[in-house]
Amino acid sequence: MSDLQKPGYIFASMVAASSAKLLMMVWAQKNAEKPLREVGVVDSLYVHPMKSCKAMTVTEATITPLGLAFKDIVNRKFFLINNKNEFVNLKAEATMTLIVPTLEGDNMHLNAPEMETLVIPQIFDSGPTVKCVLHGQSVEAIDCGDKAAAWCSKFLNKDGIRLVTGVAFKHPYLYKEPAYASKFPYMLLSAASLDDINSKMSTQPISMRNFRPNIVVKGPPAYDEDDWEEIVIGEANFCKRALCTRCVITLIDPETGIKDSQNEPMKTLKKHRLRAGESKPCMGLYMGPLSPGKTIHVGDKVYARKA
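The model shown is predicted, which means the values in this text are computed figures rather than measured ones. (Residues numbered from 1 in each chain as written. Predicted model: local features only at pLDDT ≥ 70, side-chain atom pairs only at ≥ 80, totals over all residues. Heavy atoms only, no water.)

**What to know about the pattern of salt bridges**
Inspection of every chain in the model, using the stated rule, returns 13 salt bridges. Note that Asp224 is salt-bridged to Arg37, the shortest N-O span being 2.8 Å. Of this pair, Asp224 sits in the loop between β15 (215-218) and β16 (228-233) while Arg37 sits in strand β1 (residues 37-47), and the two are 187 residues apart along the sequence. Overall, Asp224 belongs to the buried group, its relative accessible area being 8%. A residue is classified by how much of its surface remains accessible, and Arg37, at 34% relative accessible area, is partly exposed. For the salt bridge of Asp143 with Arg162, the shortest nitrogen-to-oxygen distance reads 2.5 Å. Of the two residues, Asp143 is situated in strand β12 (residues 137-143) and Arg162 in strand β13 (residues 162-165); the sequence distance between them amounts to 19 residues. By relative accessible area, Arg162 is classed as partly exposed at 25%. The structure contains a network of salt bridges with shared partners spanning Arg37, Asp224 and Lys306. (Salt bridge = Lys/Arg side-chain N within 4 Å of Asp/Glu carboxyl O. Helix = DSSP H or I, 4+ residues; strand = E, 2+ residues; numbered from the N terminus. Buried < 20%, exposed > 50% of the residue type's maximum accessible area, 1.4 Å probe, protein only.)

As structure tokens, then:
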């Protein structure tokens, strides 16, 4: 059974749809005097099947309460844990960025340098569950088995690494439990924002993948997305949740897994994107979905309403 057909997901979608309708009514009343304006088009879409691993570039994706979905994969559905059942991410294991997930039929394939392909089902309907610590909270996930664990442990050269999966539905009404994403289910970034940061650095340009967005928009000026309160992409509506604060993960080259020796782009971000009273710079816009079930595409027009 697809994740999108499971009772938990259906319930979350129903709750999200009803709350989205209410939110849209509130937004319509609040912003009646502030028309939407066309700001650009979708330049690229990224789905991250596994947290901290390489993203898949897709041409279309479905909006869910928990993040973008492509086929049976919801964004950040899988993640790794250590022998203490603690989440393992790029901060601890930078080479995770070299793990490449792809979808082949009903299976997900994992590839990495000097490793044979690992083939696992996209969907785990049952299996041993494990209590994990993720971002300081206890979550329940399904263990993907010893074969997957051995593959991941071998690649990271660490004993006790295991691959787990599942979808959490704790607070779909507030859109605060985006599968296993760290904060909110969607992150948007404009191409011009990346271009501006690159223009201010003395080192080699960095990739959009350093910032791990879901949706990249081409057309608006740099950082215009900071002020968007309501966003419409194709037929899908979104609301602003927060600006995305950045950490040392941006230092990791997504193609090599090596941290930048000159502390870029964080050095430049702290100089140009650090807001008063904040300790971390911002880059990108976190969004909540208001149109579960809609599909967005590369090339879709993007409209925004500012505060």
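**Here's the deal with the pairing of strand β4 (residues 67-70)**
Both strand β3 (residues 60-64) and β4 contribute to a ladder of 3 bridges, which runs antiparallel. Paired with Thr64 across the strands is Gly67, a residue of β4. Relative to strand β5 (residues 73-74), β4 runs antiparallel, the two sharing 2 bridges. By the bridge assignment, Ala69 is partnered in β5 with Val74. Taking the residues between adjacent antiparallel strands as the criterion, β4 and β5 are bridged by 2 residues, where Lys71 takes a positive phi near 55 degrees. (Pairing = 2+ DSSP bridges.)

**Let's talk about unusual backbone geometry**
Going from Glu264 to Pro265, the amide bond is cis rather than trans, its omega being 15 degrees. As for its placement among the helices and strands, Pro265 is situated in the loop between β17 (236-245) and α4 (266-272). Backbone geometry at Arg76 places phi at a positive 60 degrees, although glycine is not the residue there. Its location among the elements puts Arg76 in the loop between β5 and β6 (78-81). The class for Arg76 is buried, based on a relative accessible area of 12%. Phi is positive for Arg212, which is not a glycine, with a value near 55 degrees. By secondary structure assignment, the location of Arg212 is in the loop between α3 (191-200) and β15.

**With respect to the sheet that holds strand β8 (residues 100-104)**
Across a sheet, paired strands are connected by hydrogen bonds in the backbone, their directions being either parallel or antiparallel. Strand order in the open sheet formed by 3 strands is β8-β9-β10, and the pairing between neighbours is antiparallel. Where the open sheet ends on each side, the last strands, each with one partner, are β8 and β10 (118-121). Across the sheet, the axes of successive neighbouring strands diverge by a mean angle of 30 degrees, strand direction being ignored. In the sheet, strand β9 (residues 107-111) pairs with β10 via 4 bridges, with the strands oriented antiparallel. Directly across from Asn107, in β10, lies its bridge partner Pro121. Contacting β9 and β10, helix α2 (residues 146-156) crosses the sheet at an angle of about 140 degrees to β10. (Axes fitted to C-alpha atoms, helices over the stretch in contact; angles between N-to-C directions. Contact = heavy atoms within 4.5 Å.)

**Some points on the environment of Met208**
Along the chain, Met208 turns up in the loop between α3 and β15. Given a relative accessible area of 9%, Met208 falls into the buried group. In sequence terms Met208 and Pro254 are 46 residues apart; their C-alpha atoms lie 9.5 Å from each other. Setting aside its immediate chain neighbours within four residues, Met208 contacts Tyr46, Leu189, Ser190, Ala191, Leu194, Pro213 and Val216.

**Here we look at empty space enclosed by the protein**
By the definition in use, this model includes 2 cavities of 30 Å³ or more. Taken together, Tyr46, His48, Cys53, Lys54, Ala55, Thr97, Met208, Arg209, Arg212, Pro213 and Pro254 form the lining of the largest cavity. The residue inventory of the lining of the largest cavity, partitioned by class, reads 6 nonpolar, 2 polar and 3 charged. Of the pockets and cavities examined, the second largest cavity occupies roughly 50 Å³. Every residue lining the second largest cavity is listed: Leu90, Thr97, Arg209, Asn210, Arg212, Ile249, Ile252 and Pro254. Here the lining of the second largest cavity is built from residues that sort into 4 nonpolar, 2 polar and 2 charged. (1 Å grid on protein atoms, 1.4 Å probe; cavity = no way out; pocket = protein on both sides within 12 Å on 5 of 7 lines; lining within 4 Å. Points joined across faces, edges and corners; volume = space filled by probe spheres on them. Nonpolar A, V, L, I, M, F, W, Y, C, P; charged D, E, K, R; others polar.)

**What to know about α3**
Buried residues of α3: Ala191, Ser193, Leu194, Asp196, Ile197 and Asn198, and no others. Looking at the buried residues of α3, the elements they touch are β14 (186-190), β15, α4 and β18 (282-289).

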